[in-house]
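Take a look at the letters that make up each chain.
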Amino acid sequence: MQSRFFAPFFWAQAASAFNDNFFKQILLLSVTYVAVPDKGWNAGFVNNLAAALFILPFLLFSATGGVLADSMEKTRLIRLLKWVELVAMCLAAGMLLIHAYIPLLALLLVAGIQAALFGPVKYAILPQHVPGGLLVSANAWIEMGTFLAILLGTLLAGGLFSSSEGASLLMGGGMIVVSLMGLLAAYRIPEAPPIHYSPLKWQPFKQSVDVMRSVWEQPLLFRAVLGISLFWLLGTSYLTQLPLWAATIAHGDSATVSFMLAAFALGIGVGALWCSRLSAGRTEVGIVPFGALIIGFAGFDFAHHNAFIHNDHIRALSELLGHWRIWWCFIDLALVGVGGGLYIIPLYMILQTRSAYYERSRIIAANNIMNALFMILATGLGVLVLSIMGASINVFFSLIAFIAWVICAVIVVNNPRPGIRICMFIALRCCYRLRLTGRQNIPSEGAALVVCNHVSYMDALLLGGTSPRLLRFMMDAPAYESPWLNWFCRLAGAIPVDLSKRNPKDVRRALNEVSAALRNGDVVMVFPEGRLTRDGEVGDFRRGIEKMLAQDPVPVIPAATSGLWGSWGSYKAGKPFMRWPTRLRRRVRIGFGAPIDPRTLDRFELRRRVIELKKELGGGK
């Protein structure tokens, strides 16, 4: 947050998010409480019209924003859009003073266009400025800043609107000041050169179809876009129906809605930062289903709160704060936000890191188009369930929680391995006091061979659970075929080999599976000793490791464990698992060394490197 490559952009985009929602909320409050009684307008029609005027530009201009972000110098584009925002806010301030509501609706459309054009450049500029290892943290801060700015803009608009006679002057002046601050921050953003030039033509339908086709043709990116859009369906459903929940369940006033919005926004921020910590600088897709699971559980609990007070009297927030149920609901909605933060950050990371640099902005534009469609779908779902079907708000929120669970189940069924690795990581953190070093030495993409000493039957789980990437590992065939373990081994991608029978065909088959995994870009872990140590020392490495590297000369990552000799799964006091564990929360050290060129290695040199790394870890055997 103090860096030149990130902080100015953070404040520029946060100012835009604040002003968009500050202005929109002021307009909605002005229409509802001033224009409707004075001019006889239909409140429902005008509110829906305002929502449509803000969302429609995302369908019409997102693709154009993607073309602009790829073709122009991005900082120049951001400054230009900030100037548009400043002019629009100056005009809006003037219209507020004279209560000209139709021009204000037109200016809301302009704000929507500015936001739609700003969206693609907002995420496309980050990979150009932020070092790869900090990209997860940068996205976490952006999401947290955006949601907190949305919350602050919404709350401040309500507070100023209900204040003194000079409210219009304060609100208009506030919009101008925030726009100026955002513009000044934009002039501090370093330059980000264009990727390639494309002629600018405003052909909204054709450009939207083109960018959506680009995403459709790349299954990984399409799944990420679909996942993000489903988040906006869930999030929009909560945000749009909270006023109804506050009135019918909490029997609270508008301040109660703001209080619950604060829970959601703060939860998103906490979840985003927690995701950054868990990811350790990598794109960690295994966190996504956990986020959906938390949304489902917290949302289901939130949906099953009955009315706090059994009468129709509306209570002030200060009165409700003395009721324990409002705090329970606050925690539930905060947890929904935490799940959202965990869920959405890895998906945005996929868009930024897995899309080709020359079309990144257009991919993000396609994401914005899909997001807008799912936000409209969320509104339609609310109308269908609450108005047409006549269901209660509790039934609606139960349905939203069920959708989150379905999303979790679909992700796990289609790609279970990342989720398994995260489960292993959490379980191992609970069972062991782990000290990890060198995790950054495992490449973020591409094939590699991890080679480690073998002390305990827990070695594979410990290394697989603490690695920043999924490790496929060789294991003893009898254990692989165990009915208790086989399902897990198959899901984890284990490669069985039975060394005890010394069957050349079986060994050859296992080596071929390792070769296929490496050629597929996987990281494979092997224990070249071929068996557990009987004395705690590193045994001789077998020739199989040399055959693997001769067939597939991929980078080799030496690894070592320390502190497992004498554990439940080791041979120190007899056969593993044949006695009660002697120590809970054992202190274990795991280290990954720097990658080694396989052309400089034989099994003797590799064993020496593993022994050296083990000594560096310390902590005994």
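What you see is a predicted model, and the numbers here were worked out from it, not measured in a lab. (Residues numbered from 1 in each chain as written. Predicted model: local features only at pLDDT ≥ 70, side-chain atom pairs only at ≥ 80, totals over all residues. Heavy atoms only, no water.)

Undergrad: Honestly, the pattern of salt bridges in this entry has me stumped. Any pointers?
TA: If charged atoms from side chains of opposite charge come close, those side chains can pair. Here the structure, examined in full by the defined rule, presents nine salt bridges. E513 is the salt-bridge partner of R509, the closest N and O atoms lying 2.6 Å from each other. Of this pair, R509 and E513 both sit in helix α20 (residues 504-519), four residues apart, roughly one helical turn. Residues R609 and E605 are paired through a salt bridge, measuring 2.8 Å at the closest nitrogen-oxygen approach. Here R609 and its partner E605 are both found in helix α22 (residues 603-617), four residues apart, which amounts to about one turn of the helix. Each of E605, R608, R609 and E612 takes part in one network of salt bridges that share partners. (Salt bridge = Lys/Arg side-chain N within 4 Å of Asp/Glu carboxyl O. Helix = DSSP H or I, 4+ residues; strand = E, 2+ residues; numbered from the N terminus.)

Undergrad: Looking at this structure, I do not really get the packing of helix α6 (residues 135-161) against helix α13 (residues 324-354). What am I missing?
TA: Two numbers describe a pair of packed helices, the interaxial angle and the distance between the axes. Across the interface, α6 lies against α13 with an axial gap of 10 Å and an inter-helix angle of 125 degrees. By the angle between their axes, α6 is oblique relative to α13. The hand of the α6/α13 crossing is right-handed. Along its contact with α6, which presents L135, V136, N139, A140 and E143, the element α13 presents I345, Y348, M349, Q352 and T353. When the residues that make up the contact of α6 with α13 are grouped by side-chain class, the tally is six nonpolar, three polar and one charged. (Axes fitted to C-alpha atoms, helices over the stretch in contact; angles between N-to-C directions. Parallel < 35°, antiparallel > 145°, perpendicular 65-115°, else oblique. Left-handed = near helix turned anticlockwise from the far one by under 90°. Contact = heavy atoms within 4.5 Å. Nonpolar A, V, L, I, M, F, W, Y, C, P; charged D, E, K, R; others polar.)

Undergrad: Is there a simple way to think about the pairing of strand β3 (residues 471-476) in this case?
TA: As a general feature of sheets, a regular strand has side chains that alternate between the two faces. Across the six residues of β3, five count as buried, placing the element largely inside the fold. Examined bridge by bridge, β3 and strand β4 (residues 495-497) share three bridges and lie parallel to one another. Paired with D476 across the bridge in β4 is V497. (Buried < 20%, exposed > 50% of the residue type's maximum accessible area, 1.4 Å probe, protein only. Pairing = 2+ DSSP bridges.)

Undergrad: Sorry if this is basic, but what is going on with helix α16 (residues 416-431) here?
TA: Turn by turn, an α-helix covers 3.6 residues, leaving residues three or four places apart pointing in a common direction. The end-to-end C-alpha distance of α16, which contains 16 residues, comes to 22 Å, matching closely the 22 Å that a straight helix rising 1.5 Å per residue would cover. All of the buried residues along α16 are P416, P418, G419, I420, R421, I422, M424, F425 and L428. (Expected span 1.5 Å × (residues − 1).)

Shape descriptors only; they carry no functional weight alone.
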